Amino acid sequence: MNEIDGTSFPTCTKETVTEMQTTERMLPPDYPDLMATAVQAAQRAGETLRDYAKSGFRIHYKAAINLVTDADRQAEECIVQTIRHAYPSHRILAEERGQDGTAPSPYQWIVDPLDGTTNFAHGFPFYSVSIGLEYRGQCVLGVVLDPVRGELFTAGVGQGAFLDAEPLSVSAIDTLDKSLLVTGFAYNIRETANNNLDHFSHMSLRAQAIRRTGSAALDLCYVAAGRFEGYWEVTLSPWDMAAGIVIVREAGGRVSGFTHEPFSLYGRELVATNGRIHEQLLAALRRHDAR
Ligand code: IPD
Ligand code: CA
Ligand code: CA
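Residues numbered from 1 in each chain as written. Chains lettered and ligands numbered in written order. Predicted model: local features only at pLDDT ≥ 70, side-chain atom pairs only at ≥ 80, totals over all residues. Heavy atoms only, no water.

A.B. asks: Would you mind showing me how to read the sheet that holds strand β13 (residues 180-183) here?
C.D. replies: Either a parallel or an antiparallel arrangement is found when strands of a sheet pair, and the pairing is made through backbone hydrogen bonds. Here we have five strands laid out as an open sheet, ordered β14-β13-β15-β17-β16, and mixed in their pairing. Of all the strands in the sheet, the pair left with one neighbour each is β14 (209-211) and β16 (254-256). On average, each strand axis in the sheet is tilted by 20° relative to the strand beside it, whichever way the strands run. Pairing geometry for strand β15 (residues 230-233) and strand β17 (residues 270-273), over four bridges, is antiparallel. For Tyr231, the partnering residue across the bridge sits in β17 and is Ala272. In the packing of helix α8 (residues 278-287) onto the sheet, contacts are made with β13, β15, β16 and β17, and the angle to β17 comes to roughly 150°. (Pairing = 2+ DSSP bridges. Helix = DSSP H or I, 4+ residues; strand = E, 2+ residues; numbered from the N terminus. Axes fitted to C-alpha atoms, helices over the stretch in contact; angles between N-to-C directions. Contact = heavy atoms within 4.5 Å.)

Written out as structure tokens, the structure is:
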């Protein structure tokens, strides 16, 4: 088992990663119902977040700069209840409660009820609900809702990616020099040298510009929508990425770690691009490896 931020989940050994790479990402047979459930859960959570944003909420500290609010917990409750009601035998890995259920199942939902908690807590209107689904160990479905703008991003393996009903596709820009990139920083930024600050300053001189929005799930959707050319981060959790990586891939983009090793959702590092600048971004990040 592995542990991220106090949450346990299965570790990906080299063998399982290789297996994941060779196992085809398969659309589950009941995909339309799974997608409908994910969308319903995201919308309920989005409504909860909008209500809390209006009425106010308590802020608790998980660590010096790592917050959680009543809204995170209540939104997660809505999502878990919706999924459990529809699929009582499925496993759920959710940020605030950890792993729910130990019985084996080919299905595992991966939930970030509020991605962008710091933004939310400050009233900065950029945050999202992120719901991904692993089927037989592969991410196959992703739903990300921006409850402020009402933008719903969805994708399923082989089904394409959509913003509401509109198909999404990544941008055509093919040089780093002309790329708008986005990144983020983990809550352990003060405690580790692997805190992305070196990459951030280096890439600021290589790209057209860099943004830091505070919601990894939306960053990924914005790559899928062609609003950003690329994104990287060095210390992510599965719930930050599970939905977004399906959306990026289905929009024609590419996701990887920092090396050419097979990508693992449990590997913490992520590089996601329109595909065209992927090798350039990897090379630039590697040339300036902060670790
Ligand atoms: C955070 C956001 C942020 C990213 C951090 C995440 P949270 O998630 O996605 O953009 O830079 O690494 O932890 O805590 O707001 O759900
Ligand atoms: Ca998150
Ligand atoms: Ca969160």
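Next comes the rest of the description.
A.B. asks: Looking at this model, I keep getting lost on the environment of Pro28. Mind explaining?
C.D. replies: Checked against the element boundaries, Pro28 lands in the loop between α1 (14-22) and α2 (31-55). Owing to a relative accessible area of 2%, Pro28 belongs among the buried residues under this scheme. Residues Pro28 and Gly156, 128 residues apart in the sequence, show an inter-C-alpha distance of 9.5 Å. (Buried < 20%, exposed > 50% of the residue type's maximum accessible area, 1.4 Å probe, protein only.)

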